Amino acid sequence: MTDSLKQERRYRRTETLILNGLTTLLQHKSIKEITVRELADLVDINRSTFYLHYTDIYDLLEKTEQRLLQQLTAAINDKWENQGAPNHFFEFLEQAFTILSENALLCSALMGPNGDIAFLRTIETLFRDEGVKTLRAFAPKELRDQDLQYAISFALAGCMGLVERWLNNGCQETPTHMAELTLLLLREGTTSIGTPPLHGAMVYR
């Protein structure tokens, strides 16, 4: 093994240690309360070693979130947007849940009480445009555009709640199972829009 390869592996191992430390601390306190000294002591590295990787705690959080966001964006481009919805929507969901399961502790921390609300809003925005196209394919043609926007907001909130519960339960179900469940809930919920409710009114006109 070459020296450069050894150095690269040490660098990656240290990054993993730092990320694990951040994840652990976010389970107990907000990013504003976390210091470099505290994180370095937790994962048993020098502060100088931390600064070889990141400028500060906020830089660590931002780069961590960007890596996760890039994975989800790639999944959208590969399995959803470029392949046409809704035919490949299931493949996207399965890949997205796989990404979440591979980063389960981090995602759970980011979605928890000490997480980053702005980051969650960024993910919601990322999914909204393609989500509208997919829901439009499921929904009755008569459905108003404004009602479709309400539907996507409702769907996104539901999906975030579903993901949070799955993560908190330790990802006991497989990504495939969760993708199937999510697709079923989205399809059934959307196609029922326009069905006469008990009082006889119609959602669309």
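Residues numbered from 1 in each chain as written. Predicted model: local features only at pLDDT ≥ 70, side-chain atom pairs only at ≥ 80, totals over all residues. Heavy atoms only, no water.

Details of the overall build of the protein
Thinking step 1. Secondary structure assignment for the protein yields nine helices and zero strands.
Thinking step 2. Sorting the 205 residues of the protein into buried and exposed places 40% on the buried side.
Thinking step 3. Taking as baseline every contact in the protein between residues at least 6 positions apart, the subset at least 24 positions apart corresponds to 62%.
Thinking step 4. Of the roughly 12,100 Å² of accessible surface on the protein, 52% is carried by carbon and sulfur atoms. (Helix = DSSP H or I, 4+ residues; strand = E, 2+ residues; numbered from the N terminus. Buried < 20%, exposed > 50% of the residue type's maximum accessible area, 1.4 Å probe, protein only. Contact = heavy atoms within 4.5 Å. Areas by Shrake-Rupley, 256 points an atom, 1.4 Å probe, with all protein chains shown as cover.)

Let's talk about the pattern of salt bridges
Thinking step 1. What the rule picks out here adds up to six salt bridges.
Thinking step 2. In this structure, Arg 144 engages Asp 147 in a salt bridge whose closest nitrogen and oxygen atoms are separated by 3.0 Å.
Thinking step 3. Owing to a relative accessible area of 43%, Arg 144 belongs among the partly exposed residues under this scheme.
Thinking step 4. Judged by its relative accessible area of 11%, Asp 147 falls in the buried class. (Salt bridge = Lys/Arg side-chain N within 4 Å of Asp/Glu carboxyl O.)

Examining unusual backbone geometry
Apart from glycine, the bulk of residues carry a negative phi angle, and the bulk of peptide bonds sit in the trans form.
Thinking step 1. Located in the positive-phi region is Asp 44, a residue other than glycine, with phi close to 60 degrees.
Thinking step 2. Note on placement: Asp 44 falls in the loop between helix H2 (36-43) and helix H3 (47-51).
Thinking step 3. What makes Asp 44 exposed here is its relative accessible area of 70%.
Thinking step 4. Positive phi, normally seen in glycine, also occurs at Cys 171, with a value near 55 degrees.
Thinking step 5. One can find Cys 171 in the loop between helix H8 (145-168) and helix H9 (175-191).

Describing the side chain of Thr 182
Thinking step 1. Considering the arrangement of structural elements, one finds Thr 182 in helix H9.
Thinking step 2. Accessibility expressed as a relative area gives 3% for Thr 182, which makes it buried.
Thinking step 3. Discounting residues that sit within four places of it in the chain, Thr 182 has contacts with Leu 93, Phe 97, Cys 159 and Leu 162.

Regarding the packing of helix H1 (residues 3-26) against H2
Thinking step 1. Between H1 and H2, the least distance of the axes is 9 Å, while the angle of their chain directions is 115 degrees. Put simply, H1 runs roughly perpendicular to H2. Considering how the two elements wind past one another, H1 and H2 form a crossing that is right-handed. Between H1, through Leu 17, Ile 18, Gly 21, Leu 22, Thr 24 and Leu 25, and H2, the contact on the second element is made entirely by Glu 38, Leu 39, Leu 42 and Val 43.
Thinking step 2. When the residues that make up the contact of H1 with H2 are grouped by side-chain class, the tally is seven nonpolar, two polar and one charged. (Axes fitted to C-alpha atoms, helices over the stretch in contact; angles between N-to-C directions. Parallel < 35°, antiparallel > 145°, perpendicular 65-115°, else oblique. Left-handed = near helix turned anticlockwise from the far one by under 90°. Nonpolar A, V, L, I, M, F, W, Y, C, P; charged D, E, K, R; others polar.)

Quick word on the nonpolar core
Thinking step 1. Counting residues in hydrophobic clusters, the biggest one holds 57 residues, and the most contacted among them are Leu 22, Leu 26, Leu 39, Phe 50, Phe 92, Phe 97 and Leu 167.
Thinking step 2. Listed by contribution, the elements that provide at least two residues to this core are H1, H2, helix H4 (57-81), helix H5 (89-102), helix H6 (104-111), helix H7 (117-138), H8 and H9.
Thinking step 3. Once you skip the residues sitting within four places of it in the chain, Leu 22 turns out to touch Ile 31, Ile 34, Leu 39, Leu 60, Leu 61 and Thr 64. (Core = buried A, V, L, I, M, F, W, Y, C linked by side-chain atoms within 4.5 Å.)

Brief notes about the confidence of the model for the protein
Thinking step 1. Put simply, the protein has an average pLDDT of 86, and 87% of its residues get 70 or more.
Thinking step 2. Between the elements of the protein, mean pLDDT differs from a low of 83, seen in H7, to a high of 97, seen in H2.
Thinking step 3. In this model, residues 197-205 is a region of pLDDT below 50 whose contacts with residues beyond four sequence positions or in other chains number 12 contacts. (pLDDT = per-residue confidence, 0-100.)

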